[in-house]
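Here is what each chain is made of, one letter per residue.
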Amino acid sequence: MELLKQRIRQDGTVKGTDVLKVDSFLNHQMDVALFEEIGKEFQRRFAGCGVNKILTIEASGIGIACVAAQSFRCPVVFAKKSQSKNIAGEVYTTKVESFTHGKVYDVIVSKKFLGPEDRVLIIDDFLANGAALEGLMDIVHQAGATLVGAGIVIEKAFQPGGDRIRARGVRVESLARIKSMSEENGVEFAED
Ligand code: 5GP
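Cut-offs applied
- Residue positions are given per chain, counting from 1 as you read along its sequence in written order.
- Local features in a predicted model are, by the rule used here, given only for residues with pLDDT of at least 70; side-chain atom pairs are given and counted only at 80 or more, and totals for whole chains, interfaces and linings are based on all residues.
- Side-chain numbers here rest on the full set of heavy atoms in the structure, without hydrogens or water.
- Every axis corresponds to a line fitted to the C-alpha atoms, with the helix fit spanning only the stretch in contact, and the corresponding angles, defined between N-to-C directions, vary from 0 to 180 degrees.
- Think of it this way: any DSSP run of H or I at least four residues long counts as a helix, any run of E at least two long counts as a strand, and we number them from the N terminus.
- When an angle is under 35 degrees it counts as roughly parallel; over 145 it counts as roughly antiparallel; between 65 and 115 it counts as roughly perpendicular; any other value is oblique.
- Handedness of a crossing follows from how the near helix is turned relative to the far one, being left-handed for an anticlockwise turn of less than a right angle and right-handed for a clockwise one.
- In what follows, residue pairs with any heavy atoms lying within 4.5 Å of each other are defined as contacts.
- Buried, partly exposed and exposed residues are distinguished by accessible area as a fraction of the type maximum, computed with a 1.4 Å probe on protein chains only: under 20%, between the cut-offs, and over 50%, respectively.
- Two strands pair if DSSP finds at least two bridges between them.
- Two rings belonging to Phe, Tyr or Trp (six-membered ring only in the last case) form a pair when the distance between their centres is within 6.5 Å. Interplanar angles under 30 degrees mark stacking, angles over 60 mark edge-to-face geometry, and anything in between is tilted.
- Charges are assigned to positions over rings by a cutoff of 6 Å between ring centre and Lys NZ or Arg CZ, combined with an angular limit of 35 degrees from the ring normal.
- Amino acids are sorted into nonpolar (Ala, Val, Leu, Ile, Met, Phe, Trp, Tyr, Cys and Pro), charged (Asp, Glu, Lys and Arg) and polar (every other residue, Gly among them).
- The distinction between a cavity and a pocket rests on a 1 Å grid over the protein atoms alone: a 1.4 Å probe fits inside a cavity but cannot get out, while a pocket stays open yet meets protein on both sides within 12 Å along at least five of seven lines, and a residue with an atom within 4 Å of a point counts as lining.
- Grid points are joined across faces, edges and corners, and a volume is the space filled by probe spheres set on the points.
- A cutoff of 4 Å decides nearness: a residue is near a molecule or strand if any of its heavy atoms lies inside that distance of it.
- Here a polar contact means two N or O atoms within 3.5 Å. Within protein one must be a hydrogen donor candidate and the other an acceptor candidate, and residues neighboring in sequence count only if both atoms are side-chain atoms.
- A cavity or pocket is said to hold a molecule if more than half of that molecule's atoms lie within 2 Å of its grid points.

**Student:** Account for the packing of helix H3 (residues 32–45) against helix H4 (residues 61–72), naming residues and giving values.
**Tutor:** Orientation of H3 relative to H4, taken along the N-to-C sense of each, is 55°, at an axis distance of 8 Å. On the basis of their axis angle, the class for H3 and H4 is oblique. Handedness of the crossing formed by H3 with H4: right-handed. The residues of H4 that touch H3, namely those facing Val 32, Phe 35, Glu 36, Ile 38, Gly 39, Lys 40, Phe 42 and Gln 43, are Gly 63, Ile 64, Val 67, Ala 68, Ser 71 and Phe 72.

**Student:** I'd like to hear about the pairing of strand S3 (residues 53–57), residue by residue, with values.
**Tutor:** In terms of residue burial, S3 counts as a mostly covered element, since 5 of its 5 residues are buried. Of the two faces of S3, the one lined by Lys 53, Leu 55 and Ile 57 and the one lined by Ile 54 and Thr 56 are each fully buried. In the sheet, S3 pairs with strand S7 (residues 119–127) via 3 bridges, with the strands oriented parallel. From the neighbouring strand, Leu 55 faces S7, where its bridge partner is Ile 122. Here 4 bridges tie S3 to strand S4 (residues 76–81), and the two strands are oriented parallel to one another. Bridge pairing in S4 places Leu 55 opposite Val 77.

**Student:** Any chance you could break down the packing of aromatic side chains for me, citing the residues and the numbers?
**Tutor:** The full count for this structure, using the stated rule, is 0 aromatic pairs. Geometry around Phe 46 places Arg 171 over its ring, the cationic atom sitting 4.4 Å from the centre.

**Student:** Outline the environment of Ala 143, listing residues and values.
**Tutor:** Residue placement: Ala 143 occurs in helix H5 (residues 131–143). In this structure the C-alpha to C-alpha distance between Ala 143 and Asp 118, which are 25 residues apart in sequence, comes to 8.8 Å. What Ala 143 contacts, discounting residues up to four positions off in sequence, is Tyr 92, Leu 114, Gly 115 and Pro 116.

**Student:** Please provide a residue-by-residue account of the packing of helix H1 (residues 2–11) against H3, values included.
**Tutor:** Direction vectors running N to C along H1 and H3 enclose 140°, while the axes themselves pass 10 Å from each other. Judged on the interaxial angle alone, H3 and H1 are oblique. Residues Leu 3, Leu 4 and Arg 7 of H1 form the contact with H3, whose participating residues are Leu 34, Glu 37 and Ile 38. Here the residues of the contact of H1 with H3 sort into 4 nonpolar, no polar and 2 charged.

**Student:** Quick one: what's the story with the layout of surface pockets, residue by residue and with numbers?
**Tutor:** In this structure, the largest pocket spans a volume of roughly 820 Å³. Lining the largest pocket are 33 residues, and of these Ser 60, Ser 98, Phe 99, Thr 100 and Asp 125 sit closest to its centre. Those elements that provide at least two residues to the lining of the largest pocket are strand S2 (19–21), helix H2 (23–27), strand S5 (91–97), S7, H5 and strand S8 (146–156). For the lining of the largest pocket, the element with the highest residue contribution is S7, accounting for 4 residues. Classifying every residue of the lining of the largest pocket by side-chain character gives 15 nonpolar, 8 polar and 10 charged.

**Student:** Provide a residue-level description of the site of the ligand, including the pertinent values.
**Tutor:** Around the ligand there are 16 residues in total, and Leu 20, Ala 128, Asn 129, Gly 130 and Lys 156 lie nearest to it. Within the contact set of the ligand, an oxygen atom lies 2.9 Å away from a side-chain nitrogen or oxygen of Asp 124. Ala 128 is positioned such that a nitrogen or oxygen atom in its backbone is 2.8 Å from an oxygen atom of the ligand. Given that more than half its atoms are within 2 Å of the pocket grid, the ligand belongs to the largest pocket. Contributions of two or more residues to the shell around the ligand are made by S2, S7 and H5. Take the shell around the ligand: its biggest share by element is 4 residues, from S7. Its residues placed into classes, the shell around the ligand shows 8 nonpolar, 4 polar and 4 charged.

So, in structure tokens, the structure goes:
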């Protein structure tokens, strides 16, 4: 998605060897007009797949998932990090290792909001080692729901998550795939 790549080139900053900061439009301040284009692009790619639920993980996936859901006209469920008193009753639960903090935490989704009747599109901001996506895939599996695929805004293709998850037969659509990056030279995108 050219608009997104341009924005990453313009406003993204590389930290160390493997962290891309996009705080000015994606992860802290949010450019909702850009989110709208991202949502439409996910809808174009997954049109006709019968998506009736979008699943994401808090916190940074939620904004994108909500805007995308307006194109899909379906609800969004977000996996919560750790048990919350706000969710009553039974939950699906899985463990996710955080890329940014290195910690392993439990994520939960109420059984009320995901079940065998659902055709689920997972949406997230980044794909790196794949732990977040695999955790969400596990929850879809526990629910007996159908996984339509995953829509990712930025995939760091030099990290192993994307290849491993595609090898499991999951359709992963990433709108910008980074082949390599460094503080000196910025980002280089993979061919579409
Ligand atoms: P994974 O589980 O695939 O290793 O990492 C995915 C999660 O880590 C995403 O939900 C995202 O929040 C965070 N993440 C991974 N890499 C980056 C990065 O380069 N920049 C930012 N801002 N977040 C990242």
